[in-house]
Amino acid sequence: RSHHCRIARNNLVRGATTHNGYGGYVSLGGSSDNLVTGNWIEGTFGIQVSVGADHNVIEDNLISDSGLGLILFGASDNRIIENRIERTEFGLGIFGLIDPASSFNLPADRNIIEANTIRGGLYGIGTWRTSGNRFLDNEILDHWIGLYEGPVGPFDTQPNSYSENSIAGNRLFGLLVIGGSPLL
């Protein structure tokens, strides 16, 4: 795990591969207090913030032509600001990790997602088992499903909140809520 790192101004061009064969890929697994800024990422995966990677700032990155754009798995108190995510199957996802068969449960709560542009693909933004995240002034454009809100909790029951977001040009649903109670 690394802490207090800065990953900045890298160009990961189309077709570039890393040792894992996934193309451009930044993973903050269990790392905290890092800054990821000014990167261009193309490939199977974009940026993954996971398993207790809390208090990170992800800002001003371009993620394009990826299966997964920017995904938070069991990561809380992060700031996702002014990123462009284009032509991805899943643009931006926030998921709590819950395993009913064990005690391995990590929330994905209290993240701030602000002023991002997420354009083109299957899903724009999706949440599942999260609480207290704030989505402010984002553009979610040209997906099959623009914004998907799943159930909240179980760690905290504070709903996710959405304000001043633009959701437009989506083919099937602009907003799909299943089991959640977002503040709109």
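Residues numbered from 1 in each chain as written. Predicted model: local features only at pLDDT ≥ 70, side-chain atom pairs only at ≥ 80, totals over all residues. Heavy atoms only, no water.

Before going further, it helps to examine the environment of Gly43. Tracing the sequence through the fold places Gly43 in the loop between β5 (40-42) and β6 (45-50). Using a relative accessible area of 18% as the deciding quantity, one classes Gly43 as buried. Sequence separation between Gly43 and Ser66 is 23 residues, and the spatial gap between their C-alpha atoms is 5.0 Å. (Helix = DSSP H or I, 4+ residues; strand = E, 2+ residues; numbered from the N terminus. Buried < 20%, exposed > 50% of the residue type's maximum accessible area, 1.4 Å probe, protein only.)

Applying the stated criterion across every chain yields a total of four aromatic pairs. For the ring pair Phe90 and Phe95, a centre distance of 5.7 Å and an interplane angle of 65° mean the geometry is edge-to-face. Comparing Phe90 with Phe95 shows no difference in burial state: the two are buried. One Lys or Arg, Arg171, reaches over the ring of Trp144 and ends 5.3 Å from the middle of that ring. (Phe/Tyr/Trp six-rings, centres within 6.5 Å; stacked < 30°, edge-to-face > 60°. Lys NZ or Arg CZ within 6 Å of the ring centre and 35° of its normal.)

So, about the environment of Ser163. Considering the arrangement of structural elements, one finds Ser163 in strand β16 (residues 161-163). Judged by relative accessible area, Ser163 falls into the partly exposed class, the value being 32%. For the pair Ser163 and Asp137, spaced 26 residues apart in sequence, the C-alpha to C-alpha distance is 6.5 Å. Discounting residues that sit within four places of it in the chain, Ser163 has contacts with Phe135, Leu136 and Asp137. (Contact = heavy atoms within 4.5 Å.)

Now for the environment of Phe73. As for its position among the elements, Phe73 is in strand β9 (residues 68-73). Residue Phe73 is classed as partly exposed on the basis of its relative accessible area of 26%. Residues Phe73 and Gly29, 44 residues apart in the sequence, show an inter-C-alpha distance of 9.1 Å. With residues up to four places along the chain from it excluded, the contact list for Phe73 reads Gln48, Val49, Ser50, Val51, Phe95 and Leu97.

This part is about a nonpolar patch on the surface. Taken together, Leu122, Tyr123, Trp144, Leu172 and Phe173 make up a surface patch of nonpolar side chains, about 470 Å² in accessible area. Structurally, Tyr123 can be placed in strand β13 (residues 117-128). What makes Tyr123 partly exposed here is its relative accessible area of 31%. (Patch = residues over 30% accessible without salt bridge, like charges linked within 9 Å, V, L, I, M, F, W, Y side chains within 5 Å. Areas by Shrake-Rupley, 256 points an atom, 1.4 Å probe, with all protein chains shown as cover. Salt bridge = Lys/Arg side-chain N within 4 Å of Asp/Glu carboxyl O.)

As a further point, take the side chain of Asn116. If you trace the backbone, Asn116 turns up in the loop between β12 (112-114) and β13. Residue Asn116 is classed as buried on the basis of its relative accessible area of 1%. A polar contact of 2.8 Å, which involves the side chain of Asn116, links it to the backbone nitrogen of Asn83. Not counting chain neighbours up to four residues away, the residues in contact with Asn116 comprise Ile80, Ile81, Glu82, Asn83, Asp137, Asn138 and Glu139. (Polar contact = N/O pair within 3.5 Å; in protein donor to acceptor, adjacent residues only side chain to side chain.)

All right, on to the nonpolar core then. In this structure, Ile47, Val49, Ile58, Leu70 and Leu92 are the most contacted members of the largest nonpolar core, which totals 24 residues. Among the secondary structure elements, those contributing two or more residues to this core are β3 (26-29), β6, β9, β11 (84-95), β13 and β15 (139-149). Looking at which element gives the most residues to this core, the answer is β11, with three residues. Excluding residues that lie within four positions of it along the chain, Ile47 makes contacts with Val26, Val36, Ile41, Ile58, Asn61, Ile63, Gly69, Leu70 and Ile71. (Core = buried A, V, L, I, M, F, W, Y, C linked by side-chain atoms within 4.5 Å.)

What follows deals with unusual backbone geometry. Phi at Asp77 takes a positive value of approximately 60°, unusual for a residue other than glycine. Its relative accessible area of 24% is what places Asp77 among the partly exposed residues. Here the phi dihedral of Glu82 falls at roughly 55°; this positive angle occurs in a residue that is not glycine. Along the chain, Glu82 falls in the loop between β10 (79-81) and β11.

This structure, assessed with the given rule, holds five salt bridges. Between Asp65 and Arg87 there is a salt bridge, with the nearest N and O atoms lying 2.9 Å from each other. Taken together, the residues Asp65 in the loop between β8 (62-64) and β9 and Arg87 in strand β11 connect sequence positions 22 residues apart. On the accessibility criterion, Arg87 (45% relative accessible area) is partly exposed. Salt bridges sharing common partners tie together Asp65, Arg84, Glu86 and Arg87.

So, to be careful, I would describe these as geometric facts and stop short of saying anything about function.
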